[in-house]
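The chain contents come next:
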Amino acid sequence: MPNLNWLGKDKVVTYHQKVPFHFLDKKFSIGNSGNAIIHGDNLIALKSLLPRYENKIKCIYIDPPYNTGNENWIYNDNVSDPRLQKWIGQVVGKEGEDLTRHDKWLCMMYPRLRLLQKLLANDGAIFISIDDNEQAALKFICDEIFGASNFVCNVIWEKKYSPQNDAKYLSDSHDFILVYAKDKKIWRPNLLPRTDEMNARYKNPDNDPRGVWQSDNCLRKDVQPSGLFTITTPIGRKCDPPAGTSWRFSQQKYFELLADNRIWFGADGKGVPRIKRFLSEVQGGSVSKTIWLRDEVEDNQKGKRELRELDILFDTPKPTALIEKILKLSTDKNSIVLDSFAGSGTTAHAVINLNQQDGGNRKFILIELNDYAENITAERVKRVGGEFNFYEIGEKLFDEDEFINDAVPLEKIFEYIYFSETGKNYVPSAEKNLLGVDNDTAYYFFETLSWTTLAEIKTRAGNYVIYAESCNLSDNELMKYKITYKQIPFDIRRY
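Now for a description of the structure that goes with this document. (Residues numbered from 1 in each chain as written. Predicted model: local features only at pLDDT ≥ 70, side-chain atom pairs only at ≥ 80, totals over all residues. Heavy atoms only, no water.)

Okay, the overall build of the chain next. The helix and strand inventory of the chain stands at 16 helices and 23 strands. Computed over the C-alpha atoms, the radius of gyration of the chain is 29 Å, more than 25% above the 23 Å expected from 2.2 N^0.38 for a compact globule of 495 residues. Its C-alpha atoms put the chain at 100 × 65 × 45 Å along the principal axes. Expressed as a percentage of the 495 residues in the chain, the buried residues total 48%. Of the contacts formed within the chain by residues at least 6 apart in sequence, a portion of 68% connects residues at least 24 apart. Accessible surface computed for the chain: about 25000 Å², of which carbon and sulfur atoms make up 48%. (Helix = DSSP H or I, 4+ residues; strand = E, 2+ residues; numbered from the N terminus. Rg over C-alpha atoms; globule rule 2.2 N^0.38 Å. Buried < 20%, exposed > 50% of the residue type's maximum accessible area, 1.4 Å probe, protein only. Contact = heavy atoms within 4.5 Å. Areas by Shrake-Rupley, 256 points an atom, 1.4 Å probe, with all protein chains shown as cover.)

The subject of this paragraph is the packing of aromatic side chains. To describe a pair of aromatic rings, you give the distance between the ring centres and the angle between the ring planes. Evaluated as defined, the whole model comprises 21 aromatic pairs. Relative to tryptophan 264, the ring of tryptophan 213 has its centre 5.0 Å away and its plane inclined at 65°; by these criteria the two rings are edge-to-face. In this pair, tryptophan 213 is assigned in strand β7 (residues 213-217) and tryptophan 264 in strand β12 (residues 263-264), connecting sequence segments 51 residues apart. Exposure remark for tryptophan 264: the relative accessible area of 18% places this residue in the buried category. Pairwise contacts between aromatic rings join Phe229, Trp247, Phe249, Tyr254 and Phe255 into one cluster. (Phe/Tyr/Trp six-rings, centres within 6.5 Å; stacked < 30°, edge-to-face > 60°.)

This part is about the packing of helix α3 (residues 42-53) against helix α5 (residues 101-119). Closest axis-to-axis distance for the α3/α5 pair is 10 Å, and the angle between their directions is 20°. In terms of orientation, α3 and α5 fall into the roughly parallel class. Crossing of α3 over α5 shows left-handed handedness. The residues of α5 that touch α3, namely those facing Asn42, Leu43, Leu46, Lys47, Leu49, Leu50 and Tyr53, are Pro111, Arg112, Leu115, Leu116, Lys118 and Leu119. (Axes fitted to C-alpha atoms, helices over the stretch in contact; angles between N-to-C directions. Parallel < 35°, antiparallel > 145°, perpendicular 65-115°, else oblique. Left-handed = near helix turned anticlockwise from the far one by under 90°.)

To continue, consider unusual backbone geometry. What is expected of a backbone is that most residues other than glycine have negative phi and most peptide bonds are trans. In the segment running from isoleucine 488 into proline 489, the intervening peptide bond is cis, with an omega of 5°. At glutamate 298, a position not held by glycine, the phi torsion is positive, near 70°. Summarising the element assignment, glutamate 298 is placed in the loop between α9 (294-297) and α10 (300-309). A positive phi angle, near 75°, is found at asparagine 433, a position not held by glycine. Tracing the sequence through the fold places asparagine 433 in the loop between α14 (410-422) and β18 (434-438). Taking relative accessible area as the criterion, asparagine 433 reaches 13% and is therefore assigned buried.

Taken as a whole and assessed by the stated rule, the structure comprises 0 disulfides. Among the cysteines around cysteine 239, which has no disulfide bond, cysteine 218 carries the closest sulfur, lying 10.0 Å off. For cysteine 239, a relative accessible area of 6% corresponds to the buried category. (Disulfide = S-S within 2.5 Å.)

A few words on the pairing of strand β3 (residues 57-62). Across the 6 residues that make up β3, a large majority, 6, are buried. Pairing analysis gives 5 bridges linking β3 to strand β4 (residues 120-130), with the strands arranged parallel. When the sheet's bridge partners are listed, isoleucine 57 is paired in β4 with leucine 120. Judged from the 2 bridges that link them, β3 and strand β15 (residues 336-339) form a sheet pairing that is parallel. Pairing of cysteine 59 across the sheet is with valine 337, part of β15. (Pairing = 2+ DSSP bridges.)

As summarised here, the arrangement of the 3 strands in space is β7-β13-β12, forming an open sheet in which the pairing is antiparallel. Of all strands in the sheet, those with a lone pairing partner are β7 and β12, marking the two edges. Summarising the sheet, β12 and strand β13 (residues 274-278) pair through 2 bridges and their orientation is antiparallel. Bridging from a neighbouring strand, isoleucine 263 pairs with isoleucine 275 of β13.

What follows covers the environment of lysine 159. Here lysine 159 lies in the loop between β5 (151-158) and β6 (174-181). The exposure class of lysine 159 is buried, given its relative accessible area of 9%. C-alpha separation for the pair lysine 159 and isoleucine 365, spaced 206 residues apart in sequence, amounts to 25 Å. Not counting the four nearest positions on each side in its chain, lysine 159 is found in contact with Asp172, Ser173, His174, Asp175, Asp299 and Asn300. At 2.9 Å, the side chain of lysine 159 and the side chain of aspartate 172 are in polar contact. (Polar contact = N/O pair within 3.5 Å; in protein donor to acceptor, adjacent residues only side chain to side chain.)

Below, the discussion takes up the environment of lysine 382. Structurally, lysine 382 is set in helix α13 (residues 372-383). In sequence terms lysine 382 and tryptophan 213 are 169 residues apart; their C-alpha atoms lie 47 Å from each other. Among residues more than four places away in sequence, those in contact with lysine 382 are Ile30 and Phe388.

For the rest of this paragraph, the subject is the pairing of β5. The side chains of a regular strand alternate, residue by residue, between the two faces of the sheet. Pairing of β5 with β6, which is carried by 7 bridges, proceeds in the antiparallel orientation. Note on β6: the bridge partner recorded for glutamate 158 is histidine 174. With 2 bridges connecting them, β5 and strand β14 (residues 291-292) associate as parallel partners. Within β14, the residue paired with isoleucine 156 across the bridge is isoleucine 291.

Turning to the nonpolar core, a few remarks are in order. Leu49, Leu113, Leu138 and Leu338 are the most contacted members of the largest nonpolar core, which has 69 residues in total. In terms of residue count, α5 provides more of this core than any other element does, 10 residues in total. If you look at the next biggest cluster of nonpolar residues, it comprises 39 residues, including Ala125, Val179, Trp187 and Phe388. (Core = buried A, V, L, I, M, F, W, Y, C linked by side-chain atoms within 4.5 Å.)

In helix packing, the relevant descriptors are the interaxial angle and the interaxial distance, both defined with respect to the helix axes. One can describe the packing of α5 onto helix α6 (residues 135-147) by two numbers: an axis separation of 10 Å at closest approach and a directional angle of 35°. The chirality of how α5 crosses α6 is right-handed. Of the residues in α6, those in contact with Trp105, Leu106, Met109, Tyr110, Leu113, Arg114 and Gln117 of α5 are Ala137, Leu138, Ile141, Cys142, Glu144, Ile145 and Phe146.

Structure representation (structure tokens):
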């Protein structure tokens, strides 16, 4: 499989593993839904989600910067944002001074996509909006990260209707949405609801008592010996399958279909044989096509009108109908949906709309770097009736020397360790230093593991996992009392 190389790639291929884990600090809540809006760098925020959400996100939608060269984002050539300078300097090093706009964009996207791939459920899919500027490059790095075999399709979305007469070359009227599954052998898109237009194609010209139907081709595009025979039409015409094809059915099956009035030769009996498909037998939905027209999923102008109706100003919002279609294809009623380039919050708005339509309980997680995360992203969600917790990026767990950060409250450390061990939430205990009990194993956190600290243990369990900076017990003593000693900070799990 061909790979894409660019200046700085060697510095970012494994950078997602080096991103320090930060805690998320809840600033305020609207209701008690379990939804989340996170203000901060999405690279850090995605790493912070790993302990709780690795392999659990059913649908990811992102609308990253398209890198047109004219956008107001920190990785453009002409922007000297200190966040860019610091990140490029730390990660890429001196050669970062020579990065082009496209190098910077790829360096920015690669580690974020790595973390998104980790968060995606095995039966989940990611949808990425993009235009011509980086579509080809994005396809290459997604093939590398998600696997070329997990590429599903490249959707074309009609984003605007009226042509731009001032366009220098051709007036662009579409964007792309790249779709990848975590595992295409497992993932299947949902069927979409059938429309009245689809059903209207079914007629009943012969008044069949089974109802309306459509005729379908009787040929298959390969040669099966059982499908090589001559069909005689009602007017005596002989029909053989064209070279390189065969009938879809055997001769015996053909006569059964003919007797059941399922073969149609046209109203005058002169046509080639076709098979009747009754609407009553059609699966209860339709397979999505890869061209999504504005008549179906709206366009950019609709996205702007939706925000104006909420008295919110934002330059490039996507229409909710577009994201709703993605959610209909890729989620069930209890799925978790993630958008790490949240912008105006369209993804959350679409989740709320779809839950109202089908009674679902989908949850959303939004991440937005810019300062409008509260007064635009969160405000929009609030105005359409959404509930959420609003978070800021908090302290990192480990300091520069890889020791536990003294600024982190002990309870947050307990929460992190207990969840990393059990996958369950930490509940404060009346017993000092007890993190919790799971599967007859008690988890403790001490400064030193000694006979003195052992005497403080009150909970009886079949096994003990004890975190401590040092241990004064021998290996035989640990084995005798069924204790697993884990040294702080080295044995604390890194995500």
